[in-house]
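A closer look at the structure
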Amino acid sequence: MRDQFEASLPQRWRALLVVCSLAALSPVFFLAAPTGLPVGAGRALVAALVLAQAGAMWWMGVRPELVTAVVLSAGTGIQLLCPAIGPGVTLVVLCTFAWLRPARVSMWGLAGAVLLGTAATASTGHWVAAALSVVGALLAWSWGALGRARSARRQAEARRAVLEERARIARELHDVLAHTVSVMVIQASAADDVFDLDPAKARKALRDLESSGREALAELRRFLLTVRSVDDERAGEPQPGLSELDRLARSVSTAGLDVVVRLDSPEPLGRGVELSAYRIVQESLTNTLRHARASRAEVVVRVADGHLLVEVRDNGRGGGRLADHGAGHGILGMRERATMLGGTLDAGPDPAGGFLVRALLPTAQRTTPEDST
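Here is a short report on the structure shown in this document. What you see is a predicted model, and the numbers here were worked out from it, not measured in a lab.

Time to look at the sheet that holds strand β3 (residues 307-314). If you walk across this open sheet you meet the five strands as β1-β2-β3-β5-β4, and the pairing is mixed. The strands lining the two open edges of the sheet, one partner per strand, are β1 (258-264) and β4 (344-349). On average, each strand axis in the sheet is inclined to that of its neighbour by 10°, with strand direction left out of account. When β4 meets strand β5 (residues 355-362), the two strands line up antiparallel, connected through six bridges. For D346, the partnering residue across the bridge sits in β5 and is R358. Its contacts with the sheet put helix α9 (residues 245-253) on β1 and β2 (296-304), and the angle it makes with β1 is roughly 170°.

Right under this line is the structure:
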């Protein structure tokens, strides 16, 4: 997989690198004269290399490839002139370079550090020091690459959490709005059909429309509070559960679909299970209103063998709805809810006629976003 992690080096860390580099190389000014050159020229050259190496550190976050090359070259010169100075600064830069850039790029820095470090120490006859410089370069590069891998994993986990939360919010908004808007559209259409013939019935349809709108606003407000608050109960607005199914059935009945709810849940269930069951029933009834041309729907909810069974069947045209749902998000969203809890969901034409949605949700559910909000 291609490394897509984008690392950056803050200004304070670049300043720290400059200061630490100067502090680590300051002993060269108190050592004996550099080898192979007159005292004055040698000390001037060492000072220039030290300043070049430390000054280049400031640009490490902007041009790490160039800075690494400059530091390695200057460090090799300092080691040749002052063999007592080790490769400490170059190893720090190599580690930082391996953290800032993918392995395919930073490997060139590792190769340069090994070659230049070995050449500088071997030229003085210190073969043990040459071997240690190779080991040090490998360890420094490995540490930086490991730090990059860890940072990339944390960034990927944070990005995945954001995407999952966005998907959860989108799913909740779809469930909240699609159902109520569908009911409101049907109620408005009914009011328009009888407006001249039966004003009283039209007014009742408009009152139902107003009631549905208020319920939609209330549920949307509950949802927004749960998004803003870490704790639903602290916000004072719990998410809907199985106890709300009768209210849901009544709101659907006002749109012309007779809904019967058979609820057999003797024990309290987890909030995530109840919310998912409610949303599955809500989405199923919404699809029935929009696609089935049904006059009756039955909702069965009961606990059996450690699972919550949710069934929604109608007497509409089940065969045609299967194609309608194939390209939509309704069944997909319901199936995602069930799968997230470790359950299953099947939807399709009922052999007895109409359409059937059947979900099995474990009562001992795993932790879900709904449980942690």
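Summed over all chains, the structure comprises five cavities of 30 Å³ or more. In this model, the largest cavity occupies a volume close to 130 Å³. In terms of lining residues, the largest cavity is bounded by 15 residues, among which Q79, P87, T90, A113 and G117 are the most central. The leading source of residues in the lining of the largest cavity is helix α5 (residues 103-122), at five residues. Along the lines of polarity and charge, the residues of the lining of the largest cavity split into seven nonpolar, eight polar and no charged.

Attention now moves to the nonpolar core. If you look at the biggest cluster of nonpolar residues, it comprises 34 residues, and the most contacted ones within it are L285 and L308. Only α9, α10 (271-292), β2, β3, α12 (330-340) and β5 provide two or more residues apiece to this core. In terms of residue count, the dominant contributor to this core is α10 (eight residues). Dropping the residues within four chain positions of it, L285 is found in contact with L248, V252, L257, V259, A297, V299 and V312. By size, the runner-up hydrophobic cluster in this structure holds 24 residues, among which are L81, C82, F97 and L100.

What counts and how
Once a new chain begins, its residue numbering starts again from 1 and follows that chain's sequence as written. Local features in a predicted model are, by the rule used here, given only for residues with pLDDT of at least 70; side-chain atom pairs are given and counted only at 80 or more, and totals for whole chains, interfaces and linings are based on all residues. Computation of side-chain values covers all heavy atoms of the structure but excludes hydrogens and water. Here the rule is simple: two strands pair whenever DSSP picks up at least two bridges between them. Counting from the N terminus, the helices are the DSSP runs of H or I reaching at least four residues and the strands are the DSSP runs of E reaching at least two. Under this scheme, a helix contributes an axis fitted over its contacting stretch, all axes are lines through C-alpha atoms, and angles between N-to-C directions fall in the 0 to 180 degree range. We call two residues in contact whenever any of their non-hydrogen atoms come within 4.5 Å of each other. Here a cavity means grid points, on a 1 Å grid over the protein atoms only, where a 1.4 Å probe fits yet cannot get out; a pocket means an open set of points with protein on both sides within 12 Å along at least five of seven lines; lining residues are those with an atom within 4 Å of a point. Grid points are joined across faces, edges and corners, and a volume is the space filled by probe spheres set on the points. Residue type decides the class: Asp, Glu, Lys and Arg count as charged, Ala, Val, Leu, Ile, Met, Phe, Trp, Tyr, Cys and Pro as nonpolar, and the leftover types, Gly among them, as polar. As used in this record, nonpolar core signifies buried Ala, Val, Leu, Ile, Met, Phe, Trp, Tyr and Cys residues forming a set joined through side-chain atoms within 4.5 Å. Accessibility here uses a 1.4 Å probe with only protein chains present; expressed as a share of the type maximum, an area under 20% marks a residue as buried, one over 50% as exposed, and anything in between as partly exposed.

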